[in-house]
Amino acid sequence: QQQVKQSPQSLIVQKGGISIINCAYENTAFDYFPWYQQFPGKGPALLIAIRPDVSEKKEGRFTISFNKSAKQFSLHIMDSQPGDSATYFCAARNRNTGNQFYFGTGTSLTVIP
Amino acid sequence: EAGVVQSPRYKIIEKKQPVAFWCNPISGHNTLYWYLQNLGQGPELLIRYENEEAVDDSQLPKDRFSAERLKGVDSTLKIQPAELGDSAVYLCASSLAGGNEQFFGPGTRLTVL
């Protein structure tokens, strides 16, 4: 029940296109949902995050859509650029386990010029 | 502001040998995390410190893994003896106490031969 399921495993998008990555969870104790971006040889870096009391959050080209009833959330990257090519992880924080974070398995995004 | 510092960046050892990883968190960050990241997977928590106290080590294989955070600043993660299956990236992250955002270091890539 602590799992966060992420799909797809890999994604190839043309430059200028929209990249969409999906995550789903079961545990209703999750109260914070960040997305991380990781480049090869680097640690994950926070990209954008959302709380379950809002349905959407936008920061520049990055948008999180959150569906609390379906226990699903997704990352949308608008106008995808080659520099966006990286691995993306969704995560969820469990407020009942000392704010422990649980990560999805990652999506490798390749944006083709 | 310096980020989370980890060393070494890479380590290759023979199985049954000991190995240690070092992490220096961002100044002022009370919370420190050690994560394990297997290839193609998301980070998995090994241990979390609040200052010098290990508050969550339930996922740490205590028969061979140990960690310490003396003085509540730097931390060391040790494996003794290492096994082939320990080959992975070991990530350190830090955050303010109760903070949402974790800042990750670049990780230490361990290869056990």
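On a predicted model such as this, the values are computed, not experimentally measured, just so you know.

A separate point is the overall build of chain A. Scanning chain A from terminus to terminus reveals zero helices and eleven strands. Counted from the first residue to the last, chain A has its helices and strands arranged as β-β-β-β-β-β-β-β-β-β-β. Expected size for 113 residues packed as a compact globule is a radius of gyration near 13 Å; at 14 Å, chain A falls within 12% of this value. Oriented by its inertia axes, the alpha-carbon framework of chain A measures out at about 45 × 30 × 20 Å. Of the roughly 5300 Å² of accessible surface on chain A, a fraction of 48% belongs to carbon and sulfur atoms. Across chain A, the mean location of the 11 positive side-chain charges is 4 Å away from that of the 7 negative side-chain charges.

Per the counting criterion, the structure on display carries two disulfides over all chains. A sulfur-sulfur distance of 1.9 Å marks the disulfide that ties Cys-23 of chain A to Cys-90 of chain A. For the disulfide bridge between Cys-23 of chain A and Cys-90 of chain A, the dihedral angle about the S-S bond is near -95°, and by the sign convention the bridge is left-handed. Remark: Cys-90 of chain A occurs in strand E9 (residues 86-94) and Cys-23 of chain A occurs in strand E3 (residues 19-25); sequence separation between them is 67 residues. Residue pairing for Cys-23 of chain B: its cysteine sulfur links by disulfide to Cys-92 of chain B, the two sulfurs lying 1.9 Å apart. One disulfide, between Cys-23 of chain B and Cys-92 of chain B, carries an S-S torsion of -70° and so falls in the left-handed class. Of this pair, Cys-23 of chain B sits in strand E3 (residues 19-24) while Cys-92 of chain B sits in strand E9 (residues 88-95), placing them 69 residues apart in sequence. For Cys-92 of chain B, a relative accessible area of 0% corresponds to the buried category.

It is worth spelling out the pattern of salt bridges at this point. Residues and elements named next belong to chain B. This model, assessed by the stated rule, comprises seven salt bridges over all chains. Notably, a salt bridge pairs Asp-57 with Lys-62, separated by 3.8 Å at the nearest N-O pair. Take Asp-57: its relative accessible area is 28%, and that puts it in the partly exposed class. Note that Arg-64 and Asp-86 form a salt bridge whose closest N and O atoms lie 2.6 Å from each other. Of this pair, Arg-64 sits in the loop between strand E6 (53-56) and strand E7 (65-68) while Asp-86 sits in the loop between strand E8 (75-79) and E9, and the two are 22 residues apart along the sequence. A relative accessible area of 12% means that Arg-64 is categorised as buried. Ionic contacts of the salt-bridge type, sharing partners, join the residues Arg-64, Glu-83 and Asp-86 into one network.

The next point concerns the pairing of strand E11 (residues 108-112) of chain B. Residues and elements named next belong to chain B. The two faces of E11 differ: Thr-108, Leu-110 and Val-112 on one face are buried, but Arg-109 and Thr-111 on the other face are not. Judged from the four bridges that link them, strand E2 (residues 10-13) and E11 form a sheet pairing that is parallel. Across the sheet, Tyr-10 pairs through a bridge with Arg-109, a residue of E11. Pairing between E9 and E11: three bridges, direction antiparallel. Following the sheet pairing, Val-89 is matched in E11 by Arg-109.

This part covers the packing of aromatic side chains. Evaluated as defined, the whole model comprises 18 aromatic pairs over all chains. Seen in terms of ring centroids, Tyr-25 of chain A and Phe-30 of chain A are 5.9 Å apart; in terms of plane orientation they differ by 50°. Their pairing is tilted. For the pair shown, Tyr-25 of chain A and Phe-30 of chain A are each scored as buried. Residues Tyr-35 of chain B and Phe-104 of chain B carry aromatic rings whose centres are separated by 5.4 Å and whose planes lie at 40° to one another, so their mutual orientation is tilted. Taken together, the residues span a long stretch of sequence, with Tyr-35 of chain B in strand E4 (residues 31-37) and Phe-104 of chain B in strand E10 (residues 103-104) at a distance of 69 residues. On the basis of relative accessible area, Phe-104 of chain B is assigned to the buried category, the value being 11%. Pairwise contacts between aromatic rings join Tyr-25, Phe-30, Phe-33, Trp-35, Phe-66, Phe-73 and Tyr-102 of chain A into one cluster.

Reading the values: rules and limits
- Residues numbered from 1 in each chain as written.
- Chains lettered and ligands numbered in written order.
- Predicted model: local features only at pLDDT ≥ 70, side-chain atom pairs only at ≥ 80, totals over all residues.
- Heavy atoms only, no water.
- Helix = DSSP H or I, 4+ residues; strand = E, 2+ residues; numbered from the N terminus.
- Rg over C-alpha atoms; globule rule 2.2 N^0.38 Å.
- Areas by Shrake-Rupley, 256 points an atom, 1.4 Å probe, with all protein chains shown as cover.
- Lys, Arg positive; Asp, Glu negative; His and termini not counted.
- Charge placed at Lys NZ, Arg CZ, Asp CG, Glu CD.
- Disulfide = S-S within 2.5 Å.
- Buried < 20%, exposed > 50% of the residue type's maximum accessible area, 1.4 Å probe, protein only.
- Salt bridge = Lys/Arg side-chain N within 4 Å of Asp/Glu carboxyl O.
- Pairing = 2+ DSSP bridges.
- Phe/Tyr/Trp six-rings, centres within 6.5 Å; stacked < 30°, edge-to-face > 60°.

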